[in-house]
Amino acid sequence: MRNNFIAIAAVAGALAAPVAAQAQSETVGIVRGNTVVIGDYEGIAVERRPAFREYIVRERVPTYTIPDRVVVGRVLPETGVTFYDVPERFGPTPYRYTVVNGQTILVEPRSRRIVQVVD
C-alpha cells in the first residue's frame, strides 16, 4: 500500500513540475504533435498586454475569420491574413500580430504559425 502511494505521488510530482515551470516563463502549445514554445521575453509581456489590446482597438485592425479555433501552433492560411509589426513600445519581438476570430495573436511570419494568443 505504501509503495502505491509513493508511486502515485512521484507521478503527480513529475506531471506538475513542467506545468509549474511553464506558468512562470513560457507559452506552450501542442498541435498535431508539433510543439511551439516561446519565452515571455519573445512575445507580449503580461504587464504590457492590456496596453497592447487598447492599441489594437484604437488601430481598428480588421479581424480575419477562420472556421477553426484560434490556438497556439495552428498555421494560418497563406492568403487573406494581413500581419502587422508590433510597435517597439510593447517590447522587441520577431513576431507580427493580427486579429483572428476577434482574438489578437502573435504569428511567426514565415511559417504563419500562431505563437501567442494575447489575452
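Refer to the structure presented above.
Please read these numbers as outputs of a predicted model, since none were measured by experiment. (Residues numbered from 1 in each chain as written. Predicted model: local features only at pLDDT ≥ 70, side-chain atom pairs only at ≥ 80, totals over all residues. Heavy atoms only, no water.)

### Some points on the pattern of salt bridges
- Considering all chains together, one arrives at 2 salt bridges under this definition.
- Close ionic contact of D68 with R74 constitutes a salt bridge, the shortest N to O distance being 4.0 Å.
- Between R96 and D85 there is a salt bridge, with the nearest N and O atoms lying 2.8 Å from each other. Pair noted here: R96 is in strand β5 (residues 96–100) and D85 is in strand β4 (residues 84–85), with a separation of 11 residues, a long-range link. (Salt bridge = Lys/Arg side-chain N within 4 Å of Asp/Glu carboxyl O. Helix = DSSP H or I, 4+ residues; strand = E, 2+ residues; numbered from the N terminus.)

### Some points on the packing of aromatic side chains
- Considering all chains together, one arrives at 6 aromatic pairs under this definition.
- With 6.3 Å between their ring centres and 25° between their planes, F52 and Y55 make a pair best called stacked. With F52 and Y55 both in helix α2 (residues 49–59), this residue pair falls 3 residues apart, about one helical turn.
- Y55 sits in the buried class, given a relative accessible area of 11%.
- Residues F52 and Y97 carry aromatic rings whose centres are separated by 5.4 Å and whose planes lie at 85° to one another, so their mutual orientation is edge-to-face. (Phe/Tyr/Trp six-rings, centres within 6.5 Å; stacked < 30°, edge-to-face > 60°. Buried < 20%, exposed > 50% of the residue type's maximum accessible area, 1.4 Å probe, protein only.)

### Side note on the pairing of strand β7 (residues 113–117)
- With 4 bridges connecting them, strand β6 (residues 103–108) and β7 associate as antiparallel partners. Within the sheet, the bridge partner assigned to I105 lies in β7 and is V117.
- Hairpin connection, β6 to β7: the antiparallel pair is bridged by 4 residues, and R112 has positive phi, about 65°. (Pairing = 2+ DSSP bridges.)

### Some points on α2
- Here α2 has its buried residues at R49, F52, Y55 and I56. Along the axis of α2, the buried residues cluster in a sector spanning 115°; they form a single face. Facing away from the buried surface of α2 by more than 90 degrees, the exposed residues are E54, V57 and R58.
- Of the surrounding elements, those touching the buried residues of α2 are β5, β6 and β7.
- Looking at the residues trailing α2, positive phi occurs at R60, about 55°. (Arc of directions from axis to C-beta. Contact = heavy atoms within 4.5 Å.)

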